[in-house]
Amino acid sequence: MALLKVKFNQKKRVKLAQGLWLMNWFSVFAGILVFSMGLFLKIELRKRSEVMDNSESHFVPNSLILMGILSCAFNGFAGKICYDSLDPAKFAKWKPLLKPYLALCFFFNILIFFVALICFLMRGSLESTLAQGLKNGMKFYRDTDTPGRCFMKKTIDMLQIEFKCCGNNGFKDWFEIQWISNRYLDFSSKEVKDRIKSNVDGRYLVDGVPFSCCNPSSPRPCIQYQVTNNSAHYSYDYQTEELNLWRRGCREALLHYYSSMMSSMGAVVLLVWLFETAVMVGLRLLHTSLESIANPEDPECESEGWILENSLKDTLKSALENLKKIGKFNQVEADGEGAEGEEGGKTPAITTVS
């Protein structure tokens with residue numbers, strides 16, 4: 001029994017073809033939207049590539065760009081088929097291509113669904129990428145005279161200002177690295193010498209943060225040095241001064257920014273996938289309804305359209321049997337070639353007559 005069998009007359013077939021033609025052009029615009037989203041995400045990731053450890057995060061925008069291009073191509077082609085299906089003479093040239101095209105559409109829809117899932121599942125990979133990238137970026141914050149790293153201070157400062165964050169996981173991350181360049185340290189000062197000597201690695205560590213960690217909404221001037229020393233500042237408690245420094249780490253801020261963006265894009269791609277699936281089903285019904293016309297010379301006669309010629313269970317069973325036949329055929333060929341090789345390797349016996 002065929003799956004989703006529908007009866008069609010000429011009027012219904014024409015309406016289905018016209019509706020599919022319109023839906024395909026909507027899908028082309030949807031493909032342009034997916035392409036644009038991928039391009040936008042790629043640009044956003046490129047902006048902060050200095051604080052990302054690897055390029056794995058670009059898999060999502062690259063996939064969106066590819067899916068957008070393929071969607072435009074597939075649906076533009078399907079729109080042409082639907083338009084020509086109104087004329088039996090024009091439609092005849094597309095008949096041999098429809099089954100392979102529908103098979104390609106099926107796999108394309110699986111890819112779209114996979115890309116939509118990836119948009120929702122990339123959070124873990126993105127988090128590790130940002131954590132390591134920010135850690136390395138903070139180490140290079142002081143290298144303003146080193147070629148290739150001189151831009152890092154500006155990058156980190158602009159990042160902390162834009163996203164209202166401080167450090168990797170929080171402002172205390174700055175206490176563990178030397179973020180002040182040696183050229184700005186007075187090595188004749190006893191305080192500087194003592195701090196360097198007290199550190200095993202010979203680094204100048206302070207309980208201070210860059211100016212970009214300061215919250216402009218704070219009611220008091222920014223306290224960026226001796227942050228944890230309550231006695232160094234009047235009426236101050238660093239554990240309760242919520243507004244003085246940004247408490248949120250930049251990893252969390254960037255992760256939330258990119259994750260929410262990817263989740264929104266994933267939802268859009270999922271909607272596009274549903275729309276593409278509906279178009280594929282409609283095209284299959286149109287294809288079968290035109291093929292099952294009993295009398296091609298009478299276009300007004302009724303016909304039947306279906307998704308699968310047999311039930312889903314029978315179709316899967318038939319597909320498995322075909323795969324087994326192909327496997328057995330290949331095995332027989334391999335055995336035959338082996339037997340020929342063995343026969344060819346034998347040397348004929350030579351008898352001598354004395």
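Residues numbered from 1 in each chain as written. Predicted model: local features only at pLDDT ≥ 70, side-chain atom pairs only at ≥ 80, totals over all residues. Heavy atoms only, no water.

1. Side note on the UniProt feature "transmembrane region" (unreviewed entry) in the protein chain
Then comes step 1: Those residues carrying the UniProt feature "transmembrane region" (unreviewed entry) are residues 20-41, 101-122 and 255-275 in this numbering.
Then comes step 2: Across residues 20-41 one finds 100% helix and 0% strand; the C-alpha atoms that close the span lie 31 Å apart.
Then comes step 3: The distance separating the terminal C-alpha atoms of residues 101-122 is 31 Å; by composition the span is 95% helix and 0% strand. (UniProt positions renumbered as here; feature names shortened; annotations may be inferred. Helix = DSSP H or I, 4+ residues; strand = E, 2+ residues; numbered from the N terminus.)

2. Some points on the state of the cysteines
Then comes step 1: Per the stated rule, a full pass over the model turns up 3 disulfides.
Then comes step 2: Taken N- to C-terminal, the disulfide-bonded cysteines of the protein chain are connected 1-6, 2-3, 4-5. (Disulfide = S-S within 2.5 Å.)

3. Points about the nonpolar core
Most often, soluble globular proteins have nonpolar side chains that are buried together.
Then comes step 1: Leu 41, Val 60, Leu 64, Phe 171, Trp 174, Val 209 and Leu 254 are the most contacted members of the largest nonpolar core, which has 80 residues in total.
Then comes step 2: For this core, the secondary-structure elements that each account for two or more residues are helix 1 (10-47), helix 2 (59-84), helix 4 (95-121), helix 5 (123-139), helix 6 (152-163), helix 7 (190-197) and helix 8 (250-291).
Then comes step 3: At 15 residues, the largest contribution of residues to this core is made by helix 8.
Then comes step 4: Looking at which domains feed residues into this core, each of domain 1 (3-137 + 252-307) and domain 2 (171-247) gives three or more.
Then comes step 5: Apart from residues no more than four positions distant in its own chain, Val 60 is found in contact with Leu 41, Ile 118, Cys 119, Met 122 and Met 262. (Core = buried A, V, L, I, M, F, W, Y, C linked by side-chain atoms within 4.5 Å. Buried < 20%, exposed > 50% of the residue type's maximum accessible area, 1.4 Å probe, protein only. Domains from an automatic or database assignment. Contact = heavy atoms within 4.5 Å.)

4. Here we look at the environment of Trp 21
Then comes step 1: Topologically, Trp 21 is positioned in helix 1.
Then comes step 2: Note: C-alpha distance between Trp 21 and Asn 75 (54 residues apart in sequence) is 9.0 Å.
Then comes step 3: Not counting the four nearest positions on each side in its chain, Trp 21 is found in contact with Gly 79, Cys 82 and Tyr 83.

5. Remarks on the side chain of Gln 178
Then comes step 1: For Gln 178, the location among the structural elements is in the loop between helix 6 and helix 7.
Then comes step 2: Reaching out from Gln 178, the side chain makes a polar contact with the backbone oxygen of Ile 180 at a distance of 3.0 Å.
Then comes step 3: Among all residues touching Gln 178, those that are not within four sequence positions of it are Arg 142, Leu 185, Arg 203, Tyr 204 and Leu 205. (Polar contact = N/O pair within 3.5 Å; in protein donor to acceptor, adjacent residues only side chain to side chain.)

6. Some words on the pattern of salt bridges
Then comes step 1: Taken as a whole, this structure holds 11 salt bridges when the rule is applied.
Then comes step 2: A salt bridge links Arg 251 to Glu 127; the shortest N-O distance between them is 2.7 Å. Here Glu 127 lies in helix 5 and Arg 251 lies in helix 8, a separation of 124 residues in the sequence.
Then comes step 3: Owing to a relative accessible area of 18%, Arg 251 belongs among the buried residues under this scheme.
Then comes step 4: With relative accessibility at 32%, the residue Glu 127 sits in the partly exposed group.
Then comes step 5: Across the pair Lys 153 and Asp 157 runs a salt bridge whose closest N-O atoms are separated by 3.0 Å. Residue Lys 153 and its partner Asp 157 are both found in helix 6; the two are separated by 4 residues, about one turn of the helix.
Then comes step 6: Because the salt bridges share partners, they merge into one network encompassing Glu 44, Lys 47, Arg 48 and Glu 162. (Salt bridge = Lys/Arg side-chain N within 4 Å of Asp/Glu carboxyl O.)

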